[in-house]
Amino acid sequence: MRLIILGPPGAGKGTQAGRIAEHYGIPAISTGDIFRANIKNETELGLQVQEILASGGYVSDEITNAIVEDRLAESDASSGFLLDGFPRTTAQVVALDEMLAKTGSGVDKVLELVVDNEVVVQRLLKRAEVEGRVDDTEEIIRERMAIYHRETKPLSDAYAERGLLVTVDGEGEVDVVAERILAALGA
Ligand code: AMP
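These figures come from a predicted structure and were not determined experimentally. (Residues numbered from 1 in each chain as written. Predicted model: local features only at pLDDT ≥ 70, side-chain atom pairs only at ≥ 80, totals over all residues. Heavy atoms only, no water.)

Some remarks on the site of the ligand
Step number 1: In the neighbourhood of the ligand, 14 residues make up the surrounding shell, with Thr31, Arg36, Gly57, Gly85 and Arg144 lying closest.
Step number 2: One nitrogen or oxygen atom from the main chain of Gly57 is found 2.6 Å from an oxygen atom belonging to the ligand.
Step number 3: Protein contact buries 96% of the 480 Å² of open area that the ligand shows by itself.
Step number 4: Looking at the shell around the ligand element by element, the count peaks at 4 residues for helix H2 (residues 31-40).
Step number 5: For the shell around the ligand, the residue count by class is 5 nonpolar, 6 polar and 3 charged. (Near = heavy atom within 4 Å. Polar contact = N/O pair within 3.5 Å; in protein donor to acceptor, adjacent residues only side chain to side chain. Areas by Shrake-Rupley, 256 points an atom, 1.4 Å probe, with all protein chains shown as cover. Helix = DSSP H or I, 4+ residues; strand = E, 2+ residues; numbered from the N terminus. Nonpolar A, V, L, I, M, F, W, Y, C, P; charged D, E, K, R; others polar.)

Take a look at the structure:
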């Protein structure tokens, strides 16, 4: 099963990705987590991207695509994966298609978590308090939402045109949303 989870920052993608990945026995691959781990470990990549993450902007497609290609080449991703936070731009969609075409595979389904804009802003503000994430001040949160709507939201239409999009209401309790997702994926 090769899956993508789409949705605005704060939609609960990371939490739900973990559940879905466990259900299918596939790795959940989060580009945001990869970047944050590199920043924490002060790697060359981490130093390169830390200001971008702190500002709420997107890391370049070139850097991001290379990271994903490396990660998908690892053995645990050979029979399936769930991508969380990638692709985020049209160019990344093309790059992913090319990566998968090399092994004769493709994306099976794209899950979009739909959550009201103000609901996610409030969730992110709460998370900022709890986790102390540097990219979670209100100004940066609003910037991230604007970038999401401009750069990433159009991806759901592109995947819908291919007949791959599965849309799920992401509001409500974590367990309830998880059930909705598995039902929608036909798990
Ligand atoms: P996330 O944890 O998915 O919200 O990602 C946190 C941050 O990492 C984003 O705000 C971006 O700065 C960066 N990032 C994660 N995934 C991507 C991607 N696919 N393309 C560009 N930047 C990304």
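Brief notes about the environment of Gly56
Step number 1: Of note, Gly56 is situated in the loop between helix H3 (44-55) and helix H4 (61-72).
Step number 2: For Gly56, a relative accessible area of 7% puts it in the buried group.
Step number 3: Note: C-alpha distance between Gly56 and Ile181 (125 residues apart in sequence) is 28 Å. (Buried < 20%, exposed > 50% of the residue type's maximum accessible area, 1.4 Å probe, protein only.)

Section: the pattern of salt bridges
It is possible for side chains bearing opposite charge to pair when their charged atoms get close.
Step number 1: Counted by the stated rule, this structure contains 11 salt bridges.
Step number 2: The partner of Lys102 in a salt bridge is Glu69, with the nearest N and O atoms 2.9 Å apart. Residue Lys102 is found in the loop between helix H5 (90-101) and strand E4 (109-114), and its partner Glu69 is found in helix H4; the two are separated by 33 residues along the sequence.
Step number 3: Take Lys102: its relative accessible area is 63%, and that puts it in the exposed class.
Step number 4: Accessibility expressed as a relative area gives 33% for Glu69, which makes it partly exposed.
Step number 5: We note a salt bridge from Glu74 to Arg71, for which the minimum N-O separation is 3.5 Å.
Step number 6: With relative accessibility at 43%, the residue Glu74 sits in the partly exposed group. (Salt bridge = Lys/Arg side-chain N within 4 Å of Asp/Glu carboxyl O.)

What to know about the sheet that holds strand E5 (residues 165-169)
Step number 1: Strand order in the open sheet made by the 5 strands is E2-E3-E1-E4-E5, with parallel pairing throughout. If you trace the sheet from one side to the other, it starts and ends with strand E2 (28-30) and E5, each paired once. In this sheet, adjacent strand axes meet at a mean angle of 25° when their direction is disregarded.
Step number 2: Pairing geometry for E4 and E5, over 5 bridges, is parallel. Counterpart to Leu111 in the pairing with E5 is Val166.
Step number 3: Of the strands in this sheet, strand E1 (2-6), E4 and E5 are in contact with helix H9 (residues 174-185), which crosses E5 at around 155°. (Pairing = 2+ DSSP bridges. Axes fitted to C-alpha atoms, helices over the stretch in contact; angles between N-to-C directions. Contact = heavy atoms within 4.5 Å.)

Description of the pairing of E4
Step number 1: Pairing geometry for E1 and E4, over 4 bridges, is parallel. In the strand pairing of E4, Ile4 is matched with Val110.

So, the pairing of strand E3 (residues 81-84)
Regular strands show a simple pattern: their side chains alternate between the two faces of the sheet.
Step number 1: Neither face of E3 is exposed, since Phe81 and Leu83 on one face and Leu82 and Asp84 on the opposite face are all buried.
Step number 2: Where E1 and E3 come together, 4 bridges link them in parallel fashion. Its bridge partner lying in E3, Leu3 is registered against Leu82.
Step number 3: Pairing analysis gives 3 bridges linking E2 to E3, with the strands arranged parallel. Bridged to Ser30 within E3 is Asp84.

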